[in-house]
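# Examination of the molecular architecture
For reference, the chains in residue letters:
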Amino acid sequence: MIGFRILKRRRQVAPDLVERFRTVPVANVSDSMSRMTAGGASLRPMHRGGVMAGPALTVKTRPGDNLMIHKALDLAAPGDVVVVDGGGELTNALIGELMIAHARTRGLAGIVLHGAVRDSAWIRENDLPIYAAGISHRGPYKDGPGEINVPIAIEGMVIEPGDLVIGDDDGILCVPFDHAEAIHAAAHKKHAMEEKKMQAIEQGKDDRSWIDATLTRLGCAIEG
């Protein structure tokens, strides 16, 4: 029945590819996806620090209810990222320190929540990546409905079960399963180019001629 479904994940990104993405900034991956996909500016890191990468175990839940999130934590395999579409509702927190502590014992790579958390001070003192849209002391309900391992969307970003989900201090991003290898190759190349450019900047050898060339092409009058 739609609204109460727990499905099996049919495919997921390989562990070696997950590890390779850990060394590439989310911003470089985003640029390599033509900046067309965003994880939602409202989703911010709540934890102490560190990067996140892993296959998505998706949850769609009624705003304010965490019944299916509890079940997802029990189903998750080590290295998974539980990604929750909670409708962006911030009135009721969907997870707190007890659920996150349980997630740590399960070996999760992180939790992404389009909703609110509580026990935020405790979360800030820990390294398990937690991304959420807000904070509320009001707790959740546990009645459903909800679904696990179905396609979800967070502020226009579609996440399917098994897609790669990455995160750092700049936010989160979903890399579609079918394009993950190609996107990694492009992002790795861009990251290497930026490291080379940074060296040039630090040595005072950065080529800035492209700025005037672009302004000229756009018809800008430059005096002096």
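The sections below set out a description of the structure shown in this document. For clarity, every value in this text was computed on a predicted model and none was experimentally measured.

This part takes up the overall build of the protein. A count of helical and extended segments in the protein gives seven helices and 12 strands. Dimensions of the protein, computed from the C-alpha atoms along their principal axes, are close to 70 × 35 × 35 Å. For the protein, the proportion of its 224 residues judged to be buried stands at 44%. Contacts spanning at least 24 positions in sequence make up 77% of the contacts within the protein whose residues lie at least 6 apart. Surface exposure of the protein reaches about 11700 Å², of which carbon and sulfur atoms provide 55%.

Another aspect to go through is helix H3 (residues 67-75). Those residues of H3 lying buried are Met68, Ile69, Ala72 and Leu73. An end-on view of H3 places all buried positions within 145° of arc, on one side of the element.

Burial runs high along strand S3 (residues 52-61): nine of the 10 residues are buried. Relative to strand S11 (residues 164-168), S3 is paired through four bridges, and the arrangement is antiparallel. Looking at the pairing, Pro55 lines up with Leu164 of S11. Bridge count between S3 and strand S4 (residues 81-85): five bridges; the pairing is parallel. Of the residues in S4, the one forming a bridge with Leu57 is Val82. As a crossover connection, the stretch from S3 through H3 into S4 is right-handed.

What follows deals with the nonpolar core. With 33 residues, the main nonpolar core has Phe21, Val29, Val83, Val112, Ile159, Ile166 and Val175 as its most contacted residues. For this core, the element with the highest residue contribution is strand S12 (residues 171-175), accounting for four residues. Grouped together as the second largest cluster of nonpolar side chains are 24 residues, Val84, Leu113, Val117 and Leu128 included.

In this section: a nonpolar patch on the surface. Residues Met1, Phe4 and Leu67 make up a contiguous nonpolar surface patch of roughly 340 Å² in combined accessible area. Mapping Phe4 onto the fold places it in strand S1 (residues 4-6). Classification of Phe4 as partly exposed rests on a relative accessible area of 45%.

Under the defined criterion, the tally for this structure stands at 14 salt bridges. Two residues, Asp163 and Arg11, come together in a salt bridge whose shortest N-O distance is 3.3 Å. With Asp163 in the loop between strand S10 (157-159) and S11 and Arg11 in the loop between S1 and helix H1 (15-21), this residue pair connects regions lying 152 residues apart in the sequence. Sharing partners across several salt bridges, the network here consists of Asp31, Arg35, Lys190 and Glu194.

Thresholds applied
- Residues numbered from 1 in each chain as written.
- Predicted model: local features only at pLDDT ≥ 70, side-chain atom pairs only at ≥ 80, totals over all residues.
- Heavy atoms only, no water.
- Helix = DSSP H or I, 4+ residues; strand = E, 2+ residues; numbered from the N terminus.
- Buried < 20%, exposed > 50% of the residue type's maximum accessible area, 1.4 Å probe, protein only.
- Contact = heavy atoms within 4.5 Å.
- Areas by Shrake-Rupley, 256 points an atom, 1.4 Å probe, with all protein chains shown as cover.
- Arc of directions from axis to C-beta.
- Pairing = 2+ DSSP bridges.
- Right-handed = clockwise from strand over helix to strand, strands pointing away.
- Core = buried A, V, L, I, M, F, W, Y, C linked by side-chain atoms within 4.5 Å.
- Patch = residues over 30% accessible without salt bridge, like charges linked within 9 Å, V, L, I, M, F, W, Y side chains within 5 Å.
- Salt bridge = Lys/Arg side-chain N within 4 Å of Asp/Glu carboxyl O.

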